[in-house]
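Descriptive structure summary
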Amino acid sequence: MNSKFSLAHLTVLGCPPPEMIYIASMAGYDFVSLRPIYMGLPGEPNYDLAVNKDMMKLTKTALAETGVKLLDIELARIFDDMDPKRYEPAMEVAAELGGKHVLSSIWTPNRDYYLEKFGEVCDLAKQYGLTVDLEFVPIASVNTLIGTVDVLKTVNRDNAGIMVDIHHMHRSRESAEELKKLPESWFHFAHLCDAPVEIPQDRDEMTRILREARAYVGEGGIDVASYIHSMPEMPYSIELPNLQRVREFGYAEHARRCLATAKTYFEANPRK
């Protein structure tokens, strides 16, 4: 099995990037997915590497010492009254650290506006050799596969892609078959996790599981393999926030278990 795995920052959000990279290395990950774009959410640490020069230096050292690579950065959200240029320092950081992709999602219902701004983010990222990968999130404005496809086809940038999160795919009741119809060039990486098969009707409960109670791959009820096998082979970023597991095991052991269970699942469910 040659699949490559990344440790997503949301899985170990309390760890600054340098510590996260050493944890990823010890657990056996190939990549990390960092969160240097500060969003100001409640309890969210600020890992703005463009501003925090000491942390940037330590992050560079950690990548050099471990051989772990940077896969992507997040999150370049599209929202009302935004300025895409605000993301440029983080893109510069990503390019300097060898990253390839910028994760984006859309949080405004104004289609003309979000198409324009997403296009601007793509154009900005292109200068740094980065793709912009659009993720549909059940609680966001663009929250379906068809909505994401609409954006990518309309904006029509060669560095735009789709980022499928297994949790969101299942929660949006999307068919794995639909993924097979999309251009292979759109796929750069995917988010891996599991969750209870029952889809919460309550938005708060949906949000709670999404942000703090996802399951190890194979321990939830989602048919993860059907989604994985409907997409090209690519790196899988394990985004698996679970506060209870972190309290129980600590960040390092939680990260290790995330990867170990994913690898076990992939071995048990090989591509045909």
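Check the entry above for the structure.
Residues numbered from 1 in each chain as written. Predicted model: local features only at pLDDT ≥ 70, side-chain atom pairs only at ≥ 80, totals over all residues. Heavy atoms only, no water.

1. Description of the environment of Val142
Mapped onto the secondary structure, Val142 falls in the loop between strand E5 (131-134) and helix H5 (145-155). With 36 residues separating them along the chain, Val142 and Ile106 place their C-alpha atoms 5.6 Å apart. Setting aside residues up to four positions removed in sequence, Val142 forms contacts with Ile106, Tyr114, Phe136, Val137, Gly147 and Thr148. (Helix = DSSP H or I, 4+ residues; strand = E, 2+ residues; numbered from the N terminus. Contact = heavy atoms within 4.5 Å.)

2. Overview of unusual backbone geometry
Leu75 follows Glu74 through a cis peptide bond whose omega is 0 degrees. With respect to the secondary-structure elements, Leu75 resides in strand E3 (residues 69-78). The backbone of Asp81 sits at a positive phi, close to 60 degrees, despite the residue not being glycine. Take Asp81: it is sitting in the loop between E3 and helix H3 (88-96). Overall, the relative accessible area of 76% leaves Asp81 in the exposed class. Positive phi is not limited to glycine here, since Arg173 has a value of about 60 degrees. (Buried < 20%, exposed > 50% of the residue type's maximum accessible area, 1.4 Å probe, protein only.)

3. Things to note about the sheet that holds strand E6 (residues 160-162)
Spatially, E6-E5-E4-E3-E2-E1-E8-E7 is the arrangement adopted by the eight strands of the open sheet, whose pairing is parallel. Of all strands in the sheet, those with a lone pairing partner are E6 and strand E7 (190-192), marking the two edges. Averaged over neighbouring strand pairs, the angle between their axes works out to 30 degrees when direction is ignored. Of the strand pairs in this sheet, strand E4 (residues 101-106) and E5 are connected by four bridges, and their pairing is parallel. Considered in E5, the bridge of Ser104 is made with Leu134. (Pairing = 2+ DSSP bridges. Axes fitted to C-alpha atoms, helices over the stretch in contact; angles between N-to-C directions.)

4. What about the packing of aromatic side chains?
Centre distance and the angle of the planes are the two values used to describe a pair of aromatic rings. The full count for this structure, using the stated rule, is three aromatic pairs. For the pair Phe5 and Tyr236, a centre-to-centre distance of 6.1 Å together with 40 degrees between the ring planes defines the contact as tilted. Residue Phe5 is found in strand E1 (residues 5-8), and its partner Tyr236 is found in strand E8 (residues 236-238); the two are separated by 231 residues along the sequence. Ring geometry for Phe5 versus Phe266: centroids 5.3 Å apart, planes at 75 degrees, classification edge-to-face. With a gap of 261 residues between them, Phe5 in strand E1 and Phe266 in helix H11 (residues 251-268) connect regions that are remote in the sequence. Grouping aromatic residues by their ring pairs yields a cluster made of Phe5, Tyr236 and Phe266. (Phe/Tyr/Trp six-rings, centres within 6.5 Å; stacked < 30°, edge-to-face > 60°.)

5. Let's talk about the packing of helix H4 (residues 111-126) against H5
Look at H4 against H5: their axes get within 10 Å of each other, and the N-to-C directions meet at 60 degrees. It follows that H4 is oblique to H5 by the angle criterion. The two elements H4 and H5 meet at a crossing, and its hand is right-handed. Side by side, H4 and H5 meet where Arg111, Tyr114, Leu115, Phe118 and Gly119 of the first sit next to Asp150, Val151, Leu152, Thr154 and Val155 of the second. Here the contact of H4 with H5 is built from residues that sort into six nonpolar, two polar and two charged. (Parallel < 35°, antiparallel > 145°, perpendicular 65-115°, else oblique. Left-handed = near helix turned anticlockwise from the far one by under 90°. Nonpolar A, V, L, I, M, F, W, Y, C, P; charged D, E, K, R; others polar.)

6. Considerations on the nonpolar core
Among the nonpolar cores identified, the biggest contains 84 residues, and Tyr29, Phe118 and Leu192 are the most heavily contacted of them. Per-element tally for this core: the top contributor is H4, with eight residues. Apart from the residues lying within four places of it in its own chain, the contact partners of Leu192 are Phe5, Ile166, Val217, Val224, Ile228, Tyr236, Ser237, Ile238, Glu239, Ala262 and Phe266. Residues Phe31, Leu103, Met163 and Phe189 belong to the second largest nonpolar core, which totals seven residues. (Core = buried A, V, L, I, M, F, W, Y, C linked by side-chain atoms within 4.5 Å.)

7. Some details on the side chain of Thr11
In this fold, Thr11 is placed in the loop between E1 and helix H1 (17-27). A distance of 2.8 Å separates a polar side-chain atom of Thr11 from the backbone nitrogen of Leu240. Once you skip the residues sitting within four places of it in the chain, Thr11 turns out to touch Ile238, Glu239, Leu240, Pro241, Val246, Tyr251, His254 and Cys258. (Polar contact = N/O pair within 3.5 Å; in protein donor to acceptor, adjacent residues only side chain to side chain.)

8. A look at the pairing of E1
Here E1 shows no split at all, with Phe5 and Leu7 on one side and Ser6 and Ala8 on the other all buried. Inspection of the sheet shows E1 paired to E8 by three bridges, in the parallel sense. Looking across to E8, one finds that Ser6 is bridged to Ser237. Here E1 runs beside strand E2 (residues 31-34); their pairing, made up of three bridges, is parallel. When the bridges of E2 are listed, Leu7 appears paired with Val32. Assessed by its sense of winding, the connection that carries the chain from E1 through H1 to E2 is right-handed. (Right-handed = clockwise from strand over helix to strand, strands pointing away.)

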